[in-house]
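# Structural overview
Chain residues, written in single-letter form:
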Amino acid sequence: MQIVIAEDAALVRAGLTEVLARCGHEVVAAVGDAESLRAAIAQHRPDIAVVDVRMPPSYTDEGLRAAIALRRDHPDLALLVFSQYIETRYTADLLGTASPRGAAGVGYLLKDRVADVGEFLDALNRVAAGGTALDPEVVTQLIGASRRTDGLRSLTTREREVLALMAQGHSNGAIAASLVISDRAVEKHVGNIFTKLGLPPSDTYHRRVLAVLRYLES
Amino acid sequence: MDGVLWLLREPLRRRSWAEFKYVIVSLPVAIAGFTFTVVTCVLAVVSSAVVVGPLLLALLWPGARRMAAVSRDLANRQLGIPVASPAPFRLQPGIMGWIRSAITDAASWRARAYLVLRLPVAVAGYLVAGWTWVGGLSGVTYPLRSAILLQTHLPGAAAAARPIASLPVVAGNLLVVPLGAVLLLAAPWLTRVVVGLDQVLMTRLIGPVALTERVRDLEQKRAHAVDDSAARLRRIERDLHDGAQAQMIAVAMKLSLARQDLDGTAGATNESQASLQRALELVDAARGITKEAIADLRDLARGIHPPALDHGLDTALATLTARSAVPAQLVADLPERPSAAIEAIAYFCAAELLTNVAKHSGARHATVEALHVPGLLRLRVSDDGVGGARTDRGGGLAGLAQRLRTVDGRMTISSPPGGPTVITIELPSHA
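Reading the values: rules and limits
- Every residue gets a number counted from 1 within its own chain, in the order that chain's sequence is written.
- The order in which chains are written sets their letters, starting at A; the order in which ligands are written sets their numbers, starting at 1.
- Local features in this predicted model are restricted to residues whose pLDDT is 70 or higher, and side-chain atom pairs enter the listing and the counts only when it is 80 or higher, whereas totals over whole chains, interfaces and linings include all residues.
- Each side-chain value is worked out from all heavy atoms of the structure, with water and hydrogens disregarded.
- Throughout, a contact is declared for two residues whenever any of their heavy atoms are within 4.5 Å.
- We define buried area as the total accessible area lost by two parts upon association, computed with a 1.4 Å probe and summed across both.
- Salt bridges are identified by distance alone: a Lys or Arg side-chain nitrogen within 4 Å of an Asp or Glu carboxyl oxygen.
- Each polar contact in these results corresponds to two N or O atoms within 3.5 Å; when the atoms are within protein, one needs to be able to donate a hydrogen and the other to accept it, and residues that are neighboring in sequence are counted only if both atoms are side-chain atoms.
- Numbering goes from the N terminus for both helices and strands, where a helix is a DSSP run of H or I of at least four residues and a strand is a run of E of at least two.
- Only protein chains enter the accessibility calculation, which uses a 1.4 Å probe; a residue is then buried when its area is under 20% of its type maximum, exposed when over 50%, and partly exposed in between.
- Every definition here rests on a 1 Å grid over the protein atoms only: cavities are sets of points where a 1.4 Å probe fits but cannot get out, pockets are open sets enclosed by protein on both sides within 12 Å along at least five of seven lines, and lining residues have some atom within 4 Å of a point.
- Grid points are joined across faces, edges and corners, and a volume is the space filled by probe spheres set on the points.
- The criterion for an aromatic pair is that two Phe, Tyr or Trp rings (for Trp, the six-membered ring) have centres within 6.5 Å, with stacked assigned to planes under 30 degrees apart, edge-to-face to planes over 60 apart and tilted to the rest.
- Pairing between strands requires that DSSP locate at least two bridges from one strand to the other.
- Axes here mean lines fitted to C-alpha atoms, for a helix over just the part in contact, with angles spanning 0 to 180 degrees between N-to-C directions.

Turning next to the interface of chain A and chain B. Contact with chain A, which involves 35 residues of that partner, is made by 41 residues of chain B. Roughly 3,300 Å² is buried in total at the junction of chain A and chain B, and carbon and sulfur atoms are behind 55% of that figure. In this assembly, chain A and chain B are joined by 8 salt bridges. One salt bridge in this structure joins D112(A) and R298(B), with 2.6 Å as the shortest N-O distance. Viewed at the interface, chain B and chain A are joined by 11 residue pairs in polar contact (both at pLDDT 80 or more). Listing elements by their share of the side of chain A that touches chain B, those giving two or more residues are α1 (10–22), α4 (88–96) and α6 (136–145) of chain A. The element best represented in the side of chain A that touches chain B is α1(A), accounting for 7 residues.

For the rest of this paragraph, the subject is the pattern of salt bridges. If you walk through the whole model with that rule in mind, you get 32 salt bridges over all chains. For K221(B), the salt bridge goes to D217(B), with nearest N and O atoms at 3.1 Å. Of this pair, K221(B) and D217(B) are both found in helix α9 (residues 211–264), 4 residues apart, which corresponds to roughly one turn of the helix. On the basis of relative accessibility, which here comes to 29%, the residue K221(B) falls in the partly exposed class. Here R287(B) and D284(B) are joined by a salt bridge, their closest N and O atoms 3.6 Å apart. Of the two residues, R287(B) and D284(B) are both situated in helix α10 (residues 270–304); the distance of 3 residues between them amounts to about one turn of the helix. Assessed through its relative accessible area of 14%, R287(B) is described here as buried. According to the relative accessible area criterion, D284(B) is partly exposed, its value standing at 28%. Taken together, the shared-partner salt bridges connect D116(A), R259(B), D263(B), D284(B), R287(B) and K291(B) into one network.

Before going further, it helps to spend a moment on the environment of A340(B). You can see A340(B) is positioned in helix α12 (residues 340–361). The class of A340(B) is exposed, set by a relative accessible area of 52%.

Here we come to empty space enclosed by the protein. Within this structure, the stated rule accounts for 3 cavities of 30 Å³ or more. Space inside the largest cavity adds up to approximately 90 Å³. Every residue along the wall of the largest cavity is listed here: V53(A), R54(A), Y59(A), T60(A), S83(A), Q84(A), Y85(A), E87(A), Y90(A), P307(B) and A308(B). Of the voids in this model, the second largest cavity is the one considered here, and its volume is about 70 Å³.

Let us now look at the packing of aromatic side chains. Applying the stated criterion to the full structure yields 5 aromatic pairs over all chains. On the numbers, 5.6 Å between centres and 55° between planes, the contact of F82(A) with F120(A) is tilted. Of the two residues, F82(A) is situated in strand β4 (residues 78–83) and F120(A) in helix α5 (residues 117–128); the sequence distance between them amounts to 38 residues. F120(A) matches F82(A) in its accessibility class, with the two residues each being buried. Between W17(B) and F20(B), the aromatic rings sit 5.9 Å apart at their centres with planes inclined by 85°, giving edge-to-face as the arrangement.

This part is about the sheet that holds β4(A). Residue and element names in this part refer to chain A. As summarised here, the arrangement of the 6 strands in space is β2-β1-β3-β4-β5-β6, forming an open sheet in which the pairing is parallel. Every interior strand has two partners, whereas the edge strands, β2 (26–31) and β6 (132–134), have only one. The average angle at which neighbouring strand axes cross in this sheet is 15°, direction not considered. As judged from the 3 bridges shared by strand β5 (residues 106–110) and β6, these two strands associate in the parallel manner. When the sheet's bridge partners are listed, V106 is paired in β6 with T132. Running over the sheet, α5 touches β1 (2–6), β3 (48–52), β4, β5 and β6 and is turned about 145° from β4.

If you want it as structure tokens, here you go:
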């Protein structure tokens, strides 16, 4: 997999490069600011970009804005965004610009997650494959922000847990393992969620994405 | 009798002489100050047509202050009148800040006013002191001087030939003496009037400022201190992010890699397998601690300065309400951003109030409103809980009220038993 890394802290940048290289990925560019990120994407056309939200010069949300712009300009580019903090507004901005075709994956993770190489690579692969990877913290906030929505309110606690894991980008199997229930039970919950959120039967993956997006509309 | 003696002694007192000397020395100083002020102001007005006027004024502010200082020093040394200096000049950062602070420096404008108004006073003082002292002295000594003049200017024979004719002249000369004495006795008092006038100008214009201005000055300084500390907290947060947090994440990544490596190897003997297992456990423990440290650091940094505040109070409040333990709704309408320090105070107030809602109110729902009212930021946190919130001494709300007072903020609480609780905080848009 060809990867571009944008991260302003040199130590973390080097660490990420090392981790990815060890796992057989090709880091085609590792840059420290948004401008270089845009240039590197245009030049290398990677499969996925790993972007830190805070970058120079103002260290607020340069990375995020760059990521949103990239999503517009390169709809096929998968994006994994890292942040020291999860801000609800940033989540909405990033996921609200889901590419029209819904083909390219997107992830938004707390920076801590790179500390766990296995988890990080798992998220990376999911996003590269066109899926989503949302930090549990992101999901907590989204649920917090969406408690007023009727559709979501009608979900049971268990269904909400399933939806939360779904939003993080986990497959049914992973959700079953995580909640210690059977695959069959997960499928049942997922079906209920789709029904309660009023998602028409169609391609299952597409409905999963829509269910996640339902959080954001609230 | 005492009064007469006192009157007679006045011209001989040291104070009178000091005042006389002061008045004499003042004139050249006053002329220099007047000329400097008038010339520089005229130059500035003329050159403002080519934009450099303000710059010129800004360049010359120390001159006005320094000249005022010379006058204060003179009064202090000659008369022993201590006139305190005005507040020291406060420089704002950046070239524009420097120009602005130099031009708006009240003390140097007051110094200019003093330097201009002082000239007529100094001229009057010079004339009054000159006429009274010199006139008085020459009057008193006139007979003596004229006798000496006669003696020296007329040939000895002529003087001897007119001994009687000189008698009325001498008598007339003697009449000048009381006139001179009166002038001499009045001299210290007249001089003192002028010196007093100068002193009034001095305390009004180049001394420390009056109370209201002092209050304004202190308010400015407080705003500066508040903004400064907000900026410092922001810097600390950024340093933590760039430094310790990044380093901890790098450490955690290395540990994670080490774990993978260890996991992939198998010991040749049972012993080495056991030590490998121990190493694995140690690495796992280290990784766990590192992760906790990263989370702790993040909470610490967020407590110092939530980075989302850089993006605006509404962004930061959006996350705050989404994370709230009690479902909370945010209504934000902030077309104008308050100063960073005010945003930070408002944010921490909202955080504290939401925590209170979760802890004490038993509410099922809370609302956070942040509205811009001209000149004010109004923050309102309401809940549908049990009510009964009070500002007890030492309680959380009292601490909040105290914190608000540092920037002239206000808090009003409406929390009848049974609820609902509405706490409204009003902050000036700028500290």
